[in-house]
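Summary of structural features
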Amino acid sequence: MSAYTTAYQALTAGRPLSPAETARLLSQLRKETGDELAAALERELDGRYRRGPTDTDGSFRRKRRDFGAAMSVVNRLRDLAASPLPTTPPHQRNREHTP
């Protein structure tokens, strides 16, 4: 049973969840959501970077490079979704100060 189904059934039945069960359920839900999003992105990328009939060797290499970069983002998304630690964006070290 998916985490979404478990959460929905607990909410509609009025059954309280223990804090540990809630944390586990939210973690599973985040992982499932990340996997679904990564799979959708992967499907969207499929076919976009294939060699076309008019592609030169150089343009195909660029397509292959772009596909590799896009897939690294998809894999990073999967890793972030599966991470047990909360994800926060890195601190931006902008040295510009606006008056």
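Below, the structure is looked at part by part. (Residues numbered from 1 in each chain as written. Predicted model: local features only at pLDDT ≥ 70, side-chain atom pairs only at ≥ 80, totals over all residues. Heavy atoms only, no water.)

For the rest of this paragraph, the subject is the overall build of the protein. Counting its secondary structure elements, the protein contains 3 helices and 0 strands. Within the protein, the fraction of its 99 residues that count as buried is 16%. Intrachain contacts of the protein at a sequence separation of at least 6 include 60% that bridge at least 24 residues. Of the accessible surface of the protein, which amounts to about 8200 Å², a share of 56% is contributed by carbon and sulfur atoms. (Helix = DSSP H or I, 4+ residues; strand = E, 2+ residues; numbered from the N terminus. Buried < 20%, exposed > 50% of the residue type's maximum accessible area, 1.4 Å probe, protein only. Contact = heavy atoms within 4.5 Å. Areas by Shrake-Rupley, 256 points an atom, 1.4 Å probe, with all protein chains shown as cover.)

We now examine the environment of Ser 2. Structurally, the position occupied by Ser 2 is in the segment before helix H1 (3-13). According to the relative accessible area criterion, Ser 2 is partly exposed, its value standing at 28%. Residues Ser 2 and Gln 28, spaced 26 residues apart in sequence, show a C-alpha to C-alpha distance of 8.2 Å. Polar side-chain contacts of Ser 2 include one of 2.9 Å to the side chain of Thr 5. (Polar contact = N/O pair within 3.5 Å; in protein donor to acceptor, adjacent residues only side chain to side chain.)

What follows covers the pattern of salt bridges. Applying the stated criterion across every chain yields a total of 8 salt bridges. We note a salt bridge from Lys 31 to Asp 35, for which the minimum N-O separation is 2.9 Å. Of this pair, Lys 31 and Asp 35 both sit in helix H2 (residues 19-45), 4 residues apart, which is roughly one turn of that helix. You can call Asp 35 partly exposed: its relative accessible area is 28%. One salt bridge connects Asp 46 with Arg 50, and the closest N-O pair in it is separated by 2.9 Å. In this structure, Asp 46 and Arg 50 share a single accessibility class: exposed. (Salt bridge = Lys/Arg side-chain N within 4 Å of Asp/Glu carboxyl O.)

Honestly, that's just the spatial picture; any functional story needs more than this.
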